[in-house]
Amino acid sequence: LVEAVRQGINPFSTSYLSAPLHWQPDPNSEAWDVATYSHSYLGSVPISTATLSSDNTVFARLTLDVGPENVVRTARRMGIKTKLLPVASIGLGSNSVSVLEMASAYATLAAGGVFSEPMAIKKVVLASGEVDRTARWGKPKRRRVLTDGQAMAVTQILQDNMTGGTGTGAYYGDPYSAGKTGTTDEHVDAWFAGYTPRASTVVWVGYPNA
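Residues numbered from 1 in each chain as written. Predicted model: local features only at pLDDT ≥ 70, side-chain atom pairs only at ≥ 80, totals over all residues. Heavy atoms only, no water.

A. Geometry of helix 5 (residues 99-110). End to end, helix 5 covers 16 Å across twelve residues, agreeing with the expected 16 Å (1.5 Å per residue, within 8%). By the criterion of burial, helix 5 is predominantly enclosed, with nine of the twelve residues buried. Within the span of helix 5, buried status applies to Glu101, Met102, Ala103, Ser104, Ala105, Tyr106, Thr108, Leu109 and Ala110. (Helix = DSSP H or I, 4+ residues; strand = E, 2+ residues; numbered from the N terminus. Expected span 1.5 Å × (residues − 1). Buried < 20%, exposed > 50% of the residue type's maximum accessible area, 1.4 Å probe, protein only.)

See the structure below:
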C-alpha cells in the first residue's frame, strides 16, 4: 500500500479485481494461486476498500504492478533491516521480519513519513547523578523517507480499518488510532500493528521455532 501511494497511485479511486488469481509467468515453474481467507470476492474494488478486508488477491495484483523490488526498497527505507526477497508474494507478507522492525516501519507512518532508528537506551545517569551526554544517548537518527501526504493517505486508510475493517477488535475509541491485522494460513502467525501520532506498537502471536 505504501509503495503504491509513493508511486502516485490513488488508493481511494484506483480499483483492482478482487477474484482468485492464477499467476504462472514461466510454464516450467510452479504456479502461484492466490485466494482470500474467506473465499469471498468483491469484483472491482478500490485499493482502500480491499485493505479493510485484507483482500490478498487485490494486493497480489497490486504488488506485481508496483514491482516487488520497489516494495523491498520502500520497506528498507521505513525500517525493515532483515534481508527481503523481491518475490511476487512479498506484498502478502511472505518474508519473515522481526516484531521490532514492524514496529519501526509503522512508527515511520506515525511520524508522518520520518524514519527514526530504534534505540534501547534513552539516557544514562552516572553514579554522581549526572546525565552522561558525551555518548549521545537518546539522540535518534532520523530521516524523511515519505512525504507527509503519502504517510497521511496510508494512515487514513488504516484509521478506517480500525472502525470498519479487520482492526475493529483493537479499536478503543481514539479516532487517531490506525492499524492493520495480518494472519497466515491456519493462523500459524497472527499480527496486529497499530499506531497513534504518539506511539507504535506491534503484537505477534505464533510459533518461534517456525
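B. Looking closely at the sheet that holds strand 7 (residues 178-183). Within the open sheet, the three strands sit side by side as 7-8-9. Their pairing is antiparallel. The outermost strands of the open sheet, each flanked by one partner alone, are strand 7 and strand 9 (200-206). Here the average twist between neighbouring strands, direction ignored, is 10°. As paired elements, strand 7 and strand 8 (residues 189-195) share six bridges and run antiparallel to each other. Bridge pairing links Thr181 to Phe192 in strand 8. Strands in contact with helix 5 are strand 7, strand 8 and strand 9; relative to strand 9, the strand with the most contacts, it is inclined by about 150°. (Pairing = 2+ DSSP bridges. Axes fitted to C-alpha atoms, helices over the stretch in contact; angles between N-to-C directions. Contact = heavy atoms within 4.5 Å.)

C. Focus on unusual backbone geometry. In this structure, His39 takes a positive phi of about 60° despite not being glycine. Within the fold, His39 resides in the loop between strand 3 (32-34) and strand 4 (43-46). Residue class for His39 comes out exposed when judged on its relative accessible area of 58%.

D. Expanded view of the packing of aromatic side chains. With the rule as written, the count across this model stands at three aromatic pairs. Centroid distance Tyr106 to Tyr195: 6.1 Å. Interplanar angle 50°. Geometry classified as tilted. In this pair, Tyr106 sits in helix 5 while Tyr195 sits in strand 8, placing the two residues 89 residues apart along the sequence. Across the pair, exposure class does not vary: Tyr106 and Tyr195 are buried alike. Centroid distance Trp191 to Trp204: 6.4 Å. Interplanar angle 45°. Geometry classified as tilted. Within this pair, whereas Trp191 is found in strand 8, its partner Trp204 is found in strand 9, the two being separated by 13 residues in sequence. (Phe/Tyr/Trp six-rings, centres within 6.5 Å; stacked < 30°, edge-to-face > 60°.)

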